Amino acid sequence: MVRLDAITLKQLRALVAVAGSASLTGGATRLGLTPPAIHSQIRNLEEAFGVPLLHRPPETGSFTPTLAGIAVLEAAQRIEVILSQCSYQVMAVSEGRAGQVTLGVVSTGRYFAPRLVKMLSLACPEIRIALRVGNREQLIDDLARHMVDLAVMGRPPRQPEVASVALGPHPHGIVAPPDHPLAGLAEVPVPDLLSQTFLAREEGSGTRVLMSRYLDRLGEGQVVDLIEMDSNETIKQSVIAGLGLAFLSLHVVMDELRFGQLVQLAAPGLPIERHWFLVHPVDRPLNPAALRVQGEIVKLKGAYLPGAPA
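Residues numbered from 1 in each chain as written. Predicted model: local features only at pLDDT ≥ 70, side-chain atom pairs only at ≥ 80, totals over all residues. Heavy atoms only, no water.

**Here's the deal with the packing of helix α5 (residues 113–123) against helix α11 (residues 288–300)**
- Orientation of α5 relative to α11, taken along the N-to-C sense of each, is 115°, at an axis distance of 10 Å. In this structure, the crossing between α5 and α11 has a hand that is right-handed. Every residue of α11 that contacts α5 at Leu116, Met119, Leu120 and Ala123 is listed here: Arg292, Val293, Glu296, Ile297 and Leu300.
- Partitioning the contact of α5 with α11 into residue classes produces seven nonpolar, no polar and two charged. (Axes fitted to C-alpha atoms, helices over the stretch in contact; angles between N-to-C directions. Helix = DSSP H or I, 4+ residues; strand = E, 2+ residues; numbered from the N terminus. Left-handed = near helix turned anticlockwise from the far one by under 90°. Contact = heavy atoms within 4.5 Å. Nonpolar A, V, L, I, M, F, W, Y, C, P; charged D, E, K, R; others polar.)

Next up, the structure:
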């Protein structure tokens, strides 16, 4: 019975060296060992397999592999190739040339995240980017639990503590269908604006928080009519259908504004200019692949954002 747990790389390399030089002395010279040390390695290897692996005919005095020895030599060569490939992969990972990075993006960022991932795949072809999309609350939880390596979001959270880099502008405004009574006004009166029905994302959404702060400040706490919806797409289509107004990231409605399906309202203090940030928790260092991806995202200077040149 073959004792696989007794087989070592030193033994296999000793066999390869002796078979390649046809002598213990030649094998020892190749490996920088003594002939007795080489002999001991091969004897232990033969004991592990339970059969002779080398034959030494008296007439030649040279070592040649047996049929079993040939099989072991072929396996040893395959092992060396696999170890060489593994070494390359380990070096690639340690140098940030390969690996996997989980990139978190807030829901609003889904409109540019695929373009960003495509650019990263071209810049770092050996690094696999796993995309994780959720609202602000979910993304903060992912950061705290280290479910993501990097995250693209609006205002960085206070907890968990993160390091952040500004990526580009993130404007917000109020949009309406082009035939809305408030559309086209040079300045929308505050009372008229606050009397409208607003369509909004769920609690926990960063856009919802920003909208609430804006309307509270504008109306000094006045309660507005609010209908909650579960996605930006539903909100956009509902606004186009005339069901209400929406306070949204203008990156979300870039195409609808461009093609005239929606218009921005000239409400006081709008658009609100925020920024996109790339963040990561400070309590765990970034692995080399994540560091590489972080550098590539910063180098892109927001080229993936809606409205940026193709």
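After that view, the rundown keeps rolling.
**A word on the layout of surface pockets**
- Computed from the structure, the largest pocket encloses a volume of approximately 340 Å³.
- Residue lining of the largest pocket: 21 residues in total, with Arg136, Gly154, Arg155, Gly206 and Thr207 positioned closest to the centre.
- Contributing elements (two or more residues each) for the lining of the largest pocket: β6 (162–176), α8 (206–219) and β11 (272–281).
- When residues of the lining of the largest pocket are assigned to their parent elements, the largest contribution, five residues, is made by α8.
- Two domains each put at least three residues into the lining of the largest pocket: domain 2 (97–166 + 274–298) and domain 3 (168–272). (1 Å grid on protein atoms, 1.4 Å probe; cavity = no way out; pocket = protein on both sides within 12 Å on 5 of 7 lines; lining within 4 Å. Points joined across faces, edges and corners; volume = space filled by probe spheres on them. Domains from an automatic or database assignment.)

**Some words on the nonpolar core**
- Counting 33 residues, the largest nonpolar core has Val101, Leu103, Ile129, Val152, Val293 and Ile297 as its most contacted members.
- Of all hydrophobic cores here, the second largest spans 21 residues; its members include Leu265, Ala267, Leu270 and Ile272. (Core = buried A, V, L, I, M, F, W, Y, C linked by side-chain atoms within 4.5 Å. Buried < 20%, exposed > 50% of the residue type's maximum accessible area, 1.4 Å probe, protein only.)

**Some words on empty space enclosed by the protein**
- Throughout the structure, instances matching the rule amount to one cavity of 30 Å³ or more.
- If you add up the space inside the largest cavity, you get close to 40 Å³.
- Take the lining of the largest cavity: its biggest share by element is three residues, from α8.
- Considering only residue class, the lining of the largest cavity consists of six nonpolar, one polar and two charged.

**Quick notes on the UniProt feature "domain: HTH lysR-type" (unreviewed entry) in the protein**
- The feature "domain: HTH lysR-type" (unreviewed entry), as given by UniProt, occupies residues 7–64 in the numbering adopted here.
- Along residues 7–64, the helical share is 62% and the strand share 5%, with 20 Å between the first and last C-alpha atoms. (UniProt positions renumbered as here; feature names shortened; annotations may be inferred.)

**Some remarks on the confidence of the model for the protein**
- With 99% of its residues at a pLDDT of 70 or more, the protein shows a mean pLDDT of 92.
- For the protein, the element scoring lowest by mean pLDDT is helix α4 (residues 67–94), at 85; strand β5 (residues 150–153) scores highest, at 97. (pLDDT = per-residue confidence, 0-100.)

**Quick notes on helix α3 (residues 35–49)**
- For α3, built from 15 residues, the straight-helix expectation of 21 Å at 1.5 Å per residue is met to within 8% by its first-to-last C-alpha distance of 21 Å.
- Taken as a whole, α3 has its buried residues at Ile38, Gln41, Ile42, Leu45 and Ala48. Projection of α3 onto a plane perpendicular to its axis shows the buried side chains occupying an angular sector of 115°, all on one side.
- Where α3 is buried, its residues touch α1 (9–21), α2 (24–31) and β1 (54–55). (Expected span 1.5 Å × (residues − 1). Arc of directions from axis to C-beta.)

**What to know about the packing of α1 against α2**
- Relative orientation of the contacting elements α1 and α2 amounts to 125°, with a least axis distance of 7 Å. By the angle between their axes, α1 is oblique relative to α2. With respect to the hand of their crossing, α1 and α2 are arranged in right-handed fashion. Contact residues: α1 offers Arg13, Ala14, Val16, Ala17, Val18, Gly20 and Ser21, while α2 offers Leu24, Gly26, Gly27, Arg30 and Leu31.
- Considered class by class, the residues forming the contact of α1 with α2 number six nonpolar, four polar and two charged. (Parallel < 35°, antiparallel > 145°, perpendicular 65-115°, else oblique.)

**Some words on unusual backbone geometry**
- Pro160 follows Gln159 through a cis peptide bond whose omega is 0°.
- For Pro160, the location among the structural elements is in the loop between β5 and β6.
- Geometrically, the link from Leu270 to Pro271 is a cis peptide bond, its omega value of 0° lying close to zero.
- Among the structural elements, Pro271 can be located in the loop between β10 (263–264) and β11.
- Positive phi outside glycine occurs at Ala22, with the angle close to 70°.
- Considering the arrangement of structural elements, one finds Ala22 in the loop between α1 and α2.
- Residue Lys301 is not a glycine yet carries a positive backbone phi of 50°.

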